[in-house]
Amino acid sequence: MGIYDDIGVRTIINAKGASTRVSGGLLAPEVTAAMAEAATHCVDMADLQAGASKIIAGVTGAEAGIVTSGAAAGLLLGTAACVAGLDPGRMSRLPDTTGMKNEVIMVRSQRNFYDHAVRAAGVKIIEVGLPDRFAGAGVRDAEGWEIADAITDRTAAVMYVANGNARPSLEDVVKAAHGRNVPVLVDAAAQLPPVSNLKRFIAAGADLVSFSGGKAIGGPQGSGILCGRRDLVMSAVLQMLDLDIDWSMWVPPANLIDKDRLPGLPQHGIGRPCKVGKETIVGLLVALRRFVAHDPEAVRKVNLARVEKMAAELGRMRNGTVSVRDGGSPKLVVMLNPDAGKNGLAVCLALQEGTPSIYLDSSQAANGVISVNPTCMADGDAVPLARRLREVIG
Ligand SMILES: *Cc1c(COP(=O)(O)O)cnc(C)c1O
């Protein structure tokens, strides 16, 4: 029947959201049609990235931008750009950073496992601040002056992980870093929606911003955007593109790459394994156009209707309390009754292993709270999902 049957892989109901482990979300037909069309022609990849740069610059307010194979790839490329600049010798030597600026400053409370992508460029992360607010033992996190204090002549960049709880503010970080001529790289992978965040970090002075394309933008699962200062984006794209070409034959697109600023052509760079195909670039650009034009209220209504349909199907439950949460993004929440003797993680596992296989947001399941995120569900998923929830929870 379907392609997944051919391969012998079961499909799942994704009620977790657009996360990588569950294959991102569902692509709009307009996006898949554009990808299919892209696959029927060949282009020069540098020209395609240059076309993407104009579109990304338009929506983000950045000087330039490229399509990456994901936000994590953008962190590697962005770090490599901050370290190597426009020096092809340095580009070719990475991740050996001997003799280069090879430290990246991060606020200690922002450290996370995606910073592996930053370290992969060959830099050492220097942690700043003692976030005692998280221990309930104080009120502080890192402050701008502590970042300024940690900057030395080895500092290649300050890495900032954008989040509603992040401290200090990006503005304070930019002030501290720019005061010492150090660029700021922002991980904004999951900061969409709102659409306004496409512009926000650049407007606050970030030098490079990395977004995920496979999350809220609705692009291909393996896509992302890196945008920012033109010289840094140029460095990033030079370290990703296939540059197996004679210097005399190399005619790069002028809006993205200034050939006359380079003494020679770098070899395949550290970003070469982050290769992104033409279908992915086109799919991301079409998804981005849809994302910028979409009406958040209409999307909220579709998701709310799904959640209400599930709530109606569930009705009252013996072992759980069902509620509809309607913030900016509606979701269905089932709180397991403490006397039901059910373990939230075991409930999620049973749903995952059953038929149909259902993946939920289990981040609070250990506390007996199970969330159904409707954003990546298909229209026909609501009723079978609610029935299985009832069977498993009771
Ligand atoms: C999802 C995420 C990433 C990785 O994004 P990909 O597009 O999957 O590479 C990086 N950082 C944060 C904070 C994220 O949430």
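Residues numbered from 1 in each chain as written. Predicted model: local features only at pLDDT ≥ 70, side-chain atom pairs only at ≥ 80, totals over all residues. Heavy atoms only, no water.

### Thoughts on the overall build of the protein
So, step 1. A tally of regular secondary structure across the protein gives 14 helices and 12 strands.
So, step 2. A compact globule built from 394 residues should have a C-alpha radius of gyration of about 21 Å, and the protein, at 23 Å, falls within 12% of that.
So, step 3. In terms of its C-alpha atoms, the protein occupies a principal-axis envelope of roughly 70 × 60 × 35 Å.
So, step 4. Intrachain contacts of the protein at a sequence separation of at least 6 include 66% that bridge at least 24 residues.
So, step 5. Counting every atom, the protein has about 18,500 Å² of accessible surface; 53% of that belongs to carbon and sulfur.
So, step 6. Between the mean site of the 41 positive side-chain charges and the mean site of the 40 negative ones, the protein shows a separation of 4 Å. (Helix = DSSP H or I, 4+ residues; strand = E, 2+ residues; numbered from the N terminus. Rg over C-alpha atoms; globule rule 2.2 N^0.38 Å. Contact = heavy atoms within 4.5 Å. Areas by Shrake-Rupley, 256 points an atom, 1.4 Å probe, with all protein chains shown as cover. Lys, Arg positive; Asp, Glu negative; His and termini not counted. Charge placed at Lys NZ, Arg CZ, Asp CG, Glu CD.)

### Quick look at the nonpolar core
So, step 1. Within the largest apolar cluster, 95 residues are counted, with the highest numbers of intra-cluster contacts made by Leu170, Val184, Val186, Phe201, Val209, Phe211 and Ile257.
So, step 2. With 9 residues, helix H4 (residues 71-84) is the largest single contributor of residues to this core.
So, step 3. Apart from the residues lying within four places of it in its own chain, the contact partners of Phe211 are Gly70, Ala71, Ala188, Ala189, Leu192, Asn197, Leu198, Phe201, Gly224, Ile225 and Cys227.
So, step 4. Core analysis: the next-biggest nonpolar cluster, separate from the first, contains 25 residues, Ala311, Leu332, Leu360 and Ala382 among them. (Core = buried A, V, L, I, M, F, W, Y, C linked by side-chain atoms within 4.5 Å. Buried < 20%, exposed > 50% of the residue type's maximum accessible area, 1.4 Å probe, protein only.)

### Regarding the environment of Ala33
So, step 1. In this structure, Ala33 sits in helix H2 (residues 29-38).
So, step 2. On the basis of relative accessible area, Ala33 is assigned to the partly exposed category, the value being 44%.

### Here we look at H2
So, step 1. Among the residues making up H2, those that are buried are Val31, Ala34, Met35 and Ala38. Along the axis of H2, the buried residues cluster in a sector spanning 100 degrees; they form a single face. Opposite its buried face, H2 presents the exposed residues Pro29 and Glu37, each directed more than 90 degrees away.
So, step 2. Packing partners of the buried residues in H2 comprise helix H11 (278-293). (Arc of directions from axis to C-beta.)

### What about the domain arrangement of the protein?
So, step 1. Annotation of the protein at the domain level lists domain 1 (3-20 + 295-393) and domain 2 (42-293).
So, step 2. Here the C-alpha centre of domain 2 lies 35 Å away from the C-alpha centre of domain 1. (Domains from an automatic or database assignment.)

### Let's talk about the site of the ligand
So, step 1. The full set of residues close to the ligand is Thr20, Gly70, Ala71, Ala72, Tyr114, Asp187, Ala189, Ala190, Ser212 and Lys215.
So, step 2. In the model, a nitrogen atom of the ligand is placed 2.7 Å from a nitrogen or oxygen of the Asp187 side chain.
So, step 3. Lys215 places a polar side-chain atom, nitrogen or oxygen, 2.7 Å from an oxygen atom of the ligand.
So, step 4. If the ligand stood free it would expose 380 Å²; the protein chains cover 82% of that surface. (Near = heavy atom within 4 Å. Polar contact = N/O pair within 3.5 Å; in protein donor to acceptor, adjacent residues only side chain to side chain.)

### Let's talk about the layout of surface pockets
So, step 1. Approximately 500 Å³ is the volume found for the second largest pocket.
So, step 2. Taken together, 24 residues make up the lining of the second largest pocket; nearest its centre are Asp44, Met45, Ala46, Leu241 and Asp242.
So, step 3. Of all the secondary structure elements, the ones that give two or more residues to the lining of the second largest pocket are helix H3 (45-60) and H11.
So, step 4. A total of 4 residues in the lining of the second largest pocket trace back to one element, the largest contributor, which is H3.
So, step 5. When the residues that make up the lining of the second largest pocket are grouped by side-chain class, the tally is 14 nonpolar, 2 polar and 8 charged. (1 Å grid on protein atoms, 1.4 Å probe; cavity = no way out; pocket = protein on both sides within 12 Å on 5 of 7 lines; lining within 4 Å. Points joined across faces, edges and corners; volume = space filled by probe spheres on them. Nonpolar A, V, L, I, M, F, W, Y, C, P; charged D, E, K, R; others polar.)

### Things to note about the sheet that holds strand E12 (residues 369-372)
So, step 1. With antiparallel pairing, 3 strands are arranged side by side in an open sheet as E9-E10-E12. With partners counted over all chains shown, the strands left at the sheet margins are strand E9 (320-325) and E12, one partner each. Strand-to-strand twist across the sheet, computed as the mean angle between neighbouring axes with direction ignored, equals 20 degrees.
So, step 2. Both strand E10 (residues 331-336) and E12 contribute to a ladder of 4 bridges, which runs antiparallel. Within the sheet, the bridge partner assigned to Met335 lies in E12 and is Val369. (Pairing = 2+ DSSP bridges. Axes fitted to C-alpha atoms, helices over the stretch in contact; angles between N-to-C directions.)

### So, the packing of aromatic side chains
So, step 1. Inspection of the entire model under this criterion finds 2 aromatic pairs.
So, step 2. Seen in terms of ring centroids, Phe201 and Phe211 are 6.5 Å apart; in terms of plane orientation they differ by 45 degrees. Their pairing is tilted. Of this pair, Phe201 sits in helix H9 (residues 197-203) while Phe211 sits in strand E7 (residues 208-212), and the two are 10 residues apart along the sequence. Taken as a pair, Phe201 and Phe211 share a single burial class, namely buried.
So, step 3. With a centroid separation of 5.8 Å and an interplanar angle of 45 degrees, the aromatic rings of Trp247 and Trp250 are classed as tilted.
So, step 4. Trp250 sits in the buried class, given a relative accessible area of 7%.
So, step 5. Positioned above the aromatic ring of Trp247, the side-chain terminus of Lys259 is 4.5 Å from the ring centre. (Phe/Tyr/Trp six-rings, centres within 6.5 Å; stacked < 30°, edge-to-face > 60°. Lys NZ or Arg CZ within 6 Å of the ring centre and 35° of its normal.)

### Let's talk about the pattern of salt bridges
So, step 1. One pass over the structure, following the stated rule, counts 19 salt bridges.
So, step 2. Between Arg140 and Glu143 there is a salt bridge, with its nearest N and O atoms 3.4 Å apart.
So, step 3. The partly exposed category is assigned to Arg140, whose relative accessible area is 47%.
So, step 4. Here Glu143 falls in the partly exposed class, since its relative accessible area comes to 25%.
So, step 5. One network of salt bridges, with partners in common, ties together Arg108, Arg111, Asp115, Arg119 and Glu127. (Salt bridge = Lys/Arg side-chain N within 4 Å of Asp/Glu carboxyl O.)

### Describing the packing of H4 against helix H10 (residues 230-238)
So, step 1. Here H4 crosses H10 at 115 degrees, and the two axes come no closer than 8 Å. The angle between H4 and H10 falls in the class roughly perpendicular. The chirality of how H4 crosses H10 is right-handed. Between H4, through Leu77, Ala80, Ala81 and Cys82, and H10, the contact on the second element is made entirely by Leu232, Ser235 and Ala236.
So, step 2. Split by residue class, the contact of H4 with H10 holds 6 nonpolar, 1 polar and no charged. (Parallel < 35°, antiparallel > 145°, perpendicular 65-115°, else oblique. Left-handed = near helix turned anticlockwise from the far one by under 90°.)

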